[in-house]
2 protein chains.
Amino acid sequence: MMAGKKLEIAIPIFHDLTALDAIGPYEVLQLLPNAQIKFVSHKPGLLRACRGSLSLQATASFEEVPNPQVVLVPGGPGSKALMQDQVLLDWLRKVHDTTLFTTSVCTGSHLLAAAGILRGLEATTHWNTYDVLSQYGAKPVAKRVVRQGKILTAAGVSSGIDMALELAALIADETTAKVIQLLIEYDPQPPFDTGSVSKAGPELTARTIEFVKKIVPITDL
Amino acid sequence: MMAGKKLEIAIPIFHDLTALDAIGPYEVLQLLPNAQIKFVSHKPGLLRACRGSLSLQATASFEEVPNPQVVLVPGGPGSKALMQDQVLLDWLRKVHDTTLFTTSVCTGSHLLAAAGILRGLEATTHWNTYDVLSQYGAKPVAKRVVRQGKILTAAGVSSGIDMALELAALIADETTAKVIQLLIEYDPQPPFDTGSVSKAGPELTARTIEFVKKIVPITDL
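Not measured: the values here are computed from a predicted model.

Caption draft 1: Summary view of the overall build of chain A. Scanning chain A from N- to C-terminus turns up seven helices and 11 strands. Relative to the 2.2 N^0.38 estimate, which gives 17 Å for 221 residues, the radius of gyration of chain A is 17 Å and therefore close to what a compact globule would have. The dimensions of chain A, computed from C-alpha atoms along their principal axes, are 50 × 40 × 40 Å. Counting the 221 residues in chain A, one finds 62% classified as buried. Counting only contacts in chain A whose residues sit at least 6 apart along the sequence, the fraction spanning at least 24 positions is 63%. Here chain A has roughly 7900 Å² of accessible surface; of this, 51% comes from carbon and sulfur atoms.

Caption draft 2: Local environment of the relation of the copies chain B and chain A. Between chain B and chain A, which share one sequence, the superposing operator has a rotation angle of 180 degrees and an axial displacement of 0.0 Å; the RMSD is 0.0 Å. The relationship between the two copies is best expressed as a two-fold rotation axis. Measuring from the rotation axis to each C-alpha of chain B, the shortest distance belongs to B:Leu56, at 2.5 Å. A shared interface surface links the copies, since 100% of the contact residues of chain B are contact residues in chain A too.

Caption draft 3: Local environment of the nonpolar core. Core analysis: the biggest nonpolar cluster contains 156 residues, and A:Ile23, A:Leu92, B:Ile23 and B:Leu92 have the highest contact counts within it. Those residues within four positions of A:Leu92 in sequence are excluded, and the remaining contacts are A:Val71, A:Val73, A:Leu111, A:Leu112, A:Ala115 and A:Ile117.

Caption draft 4: Broad picture of the environment of A:Gln69. Residue and element names in this part refer to chain A. Topologically, Gln-69 is positioned in the loop between strand S5 (60–61) and strand S6 (70–73). The class for Gln-69 is buried, based on a relative accessible area of 16%. Along the chain, Gln-69 and Lys-5 lie 64 residues apart, while their C-alpha atoms are 11 Å from each other. Separated by 3.0 Å, the side chain of Gln-69 and the backbone oxygen of Lys-6 make a polar contact.

Caption draft 5: Layout of the state of the cysteines. All names here are of chain A. Taken as a whole and assessed by the stated rule, the structure comprises zero disulfides over all chains. Between Cys-50, a cysteine without a disulfide, and Cys-106, which holds the nearest cysteine sulfur, the sulfur-to-sulfur distance is 9.4 Å. Judged by relative accessible area, which is 3%, Cys-50 ranks as buried.

Caption draft 6: Up close: the sheet that holds strand S10 (residues 145–148) of chain B. Residue and element names in this part refer to chain B. Taken together, seven strands build an open sheet; the order of strands is S5-S2-S1-S6-S7-S11-S10 and the sheet is mixed. Sheet topology places strand S5 (60–61) and S10 at the edges, where each strand pairs with a single neighbour. Bridging between strand S6 (residues 70–73) and strand S7 (residues 101–105) involves four bridges; their strand directions are parallel. Note that in S7 the partner of Val-71 across the bridge is Thr-102. With respect to the sheet, helix H1 (residues 19–29) is in contact with strand S1 (7–12), strand S2 (35–41), S6 and S7, its orientation differing from that of S2 by roughly 160 degrees. Across the sheet, helix H5 (residues 159–171) lies against S1, S6, S7, S10 and strand S11 (151–154), angled at about 165 degrees from S7, the strand it touches most.

Caption draft 7: Fine view of the interface of chain B and chain A. If you look at the interface, chain B gives 68 residues, while chain A gives 68 residues. Broken down residue by residue, the surface that chain B buries against chain A is led by B:Leu182, B:Glu185 and B:Phe192, which jointly contribute 13%. Here chain B is connected to chain A by two salt bridges. In this structure, B:Asp187 engages A:Lys199 in a salt bridge whose closest nitrogen and oxygen atoms are separated by 2.6 Å. When residues of the side of chain B that touches chain A are traced back to their parent elements, those giving at least two are H1, S2, strand S4 (55–58), H5, helix H6 (174–183) and helix H7 (197–215) of chain B.

Caption draft 8: Structural view of unusual backbone geometry. A positive phi angle, near 70 degrees, is found at A:Asn34, a position not held by glycine. Counting through the fold element by element, A:Asn34 comes out in the loop between helix H1 (19–29) and strand S2 (35–41). A:Asn34 gets classed as partly exposed once you look at its relative accessible area, which sits at 37%. One non-glycine residue, B:Asp16, lies in positive phi territory at about 65 degrees. Note that B:Asp16 resides in the loop between S1 and H1.

Caption draft 9: Looking closely at helix H7 (residues 197–215) of chain A. Under the 1.5 Å per step criterion, the end-to-end length of H7(A) is only 20 Å for 19 residues, more than 12% shorter than the ideal 27 Å. Taken together, the buried positions of H7(A) are occupied by A:Ala200, A:Gly201, A:Leu204, A:Thr205, A:Thr208, A:Phe211 and A:Val212. Where the residues of H7(A) are buried, they touch H6 of chain B.

Caption draft 10: The sheet that holds S6(A), seen in detail. All names here are of chain A. Spatially, seven strands are ordered S5-S2-S1-S6-S7-S11-S10 in an open sheet, and the strand pairing comes out mixed. The open sheet terminates on both sides in strands that have one partner only, identified here as S5 and strand S10 (145–148). Judged from the two bridges that link them, strand S1 (residues 7–12) and S6 form a sheet pairing that is parallel. Across the sheet, Ile-9 pairs through a bridge with Val-70, a residue of S6. Contacting S1, S2, S6 and strand S7 (101–105), H1 runs over the sheet at an angle of about 160 degrees to S2.

The rules behind these values
Residues numbered from 1 in each chain as written. Chains lettered and ligands numbered in written order. Predicted model: local features only at pLDDT ≥ 70, side-chain atom pairs only at ≥ 80, totals over all residues. Heavy atoms only, no water. Helix = DSSP H or I, 4+ residues; strand = E, 2+ residues; numbered from the N terminus. Rg over C-alpha atoms; globule rule 2.2 N^0.38 Å. Buried < 20%, exposed > 50% of the residue type's maximum accessible area, 1.4 Å probe, protein only. Contact = heavy atoms within 4.5 Å. Areas by Shrake-Rupley, 256 points an atom, 1.4 Å probe, with all protein chains shown as cover. Least-squares fit on C-alpha atoms with pLDDT ≥ 70 in both. Core = buried A, V, L, I, M, F, W, Y, C linked by side-chain atoms within 4.5 Å. Polar contact = N/O pair within 3.5 Å; in protein donor to acceptor, adjacent residues only side chain to side chain. Disulfide = S-S within 2.5 Å. Pairing = 2+ DSSP bridges. Axes fitted to C-alpha atoms, helices over the stretch in contact; angles between N-to-C directions. Buried area = accessible area lost by both parts, 1.4 Å probe. Salt bridge = Lys/Arg side-chain N within 4 Å of Asp/Glu carboxyl O. Expected span 1.5 Å × (residues − 1).

Below, the structure written as structure tokens:
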């Protein structure tokens, strides 16, 4: 589909993002033929991930990347502070007009929702923040990846890897996506089976909500 | 196990590392109570991940982090250039003496092997580089996570997430690890089932080796 053409993929990053939201899909998508990934922000520079021990570098400003074919919005505690950031929201609306795919991971979908991109559409996000999508007129769905035409939203954090493999198949082809999956040896064997609310059950879910309150206010997730 | 005590986790990073090798486990381990993650390198500064569109920041030099309780060595194309780097190898040997756990992801285990830490032990690495472990006297095993006492080695790239959850249970307890798994919503649902050589089969594996030759010399993986 993209043979020979540059495939520009923009990943907006911000302070207090959840790094894996961005880096899981990045690792998949950068392996696409001709992919050129750009980490973008209000201005180039270092952005610290949540809890501060890691910084990622944005190499371009939003205005320097006006026409990416793919946009991938990560989430994290820092997304809340951007829900009324008109520079970001305007950029999201503008690039969405011409993207091949507009995508998000975790609470990144809140930003797409705040930009009005998810109105009336099914979408997903981190399991304990579905209500934010509803507030912006989207229809939250408890699925790992939700596709509505050219919009793909992924659930919490690690789900971005699954979404990115699906996206790789859509952008290139299934064989390329399968090759990338083998290359990153994505044959998950989690030691536990507690990765979703339905599998974890109410007691562990309640405990997790308590846990997260201690490290970051639940409303900021 | 670590209640109330600071848990220092050192992640050495380097040019041309595979970002997800480091960031997958980072996202799990940073959620451990009292965890303090330090990205370390020869000197503080930015290190670019393989293929260059992402840079991560090392905030400390090796000598500034002499006694981490946990060390986690990521891999990537850049690990090859470090196989005779005496500063790194000396640091790995020294910190390994006192770590609670010494761990690696992907070709990060080559560096542990080159430091002599894996001699006579079972270990794993990316599926197409088992021979490097043999050259240094380790016994390569085609498993996703291999534990030998306090040493845990993980297979290619994404396997670091599984390893880190196992490690979280060893450092804290199983409930904490399960809570973290739910928090990062790690309920993998890959769209394909080609994440290991045995599942991908010989044809896709051959195709993957051809694919990787085009983006990075196979010997540099």
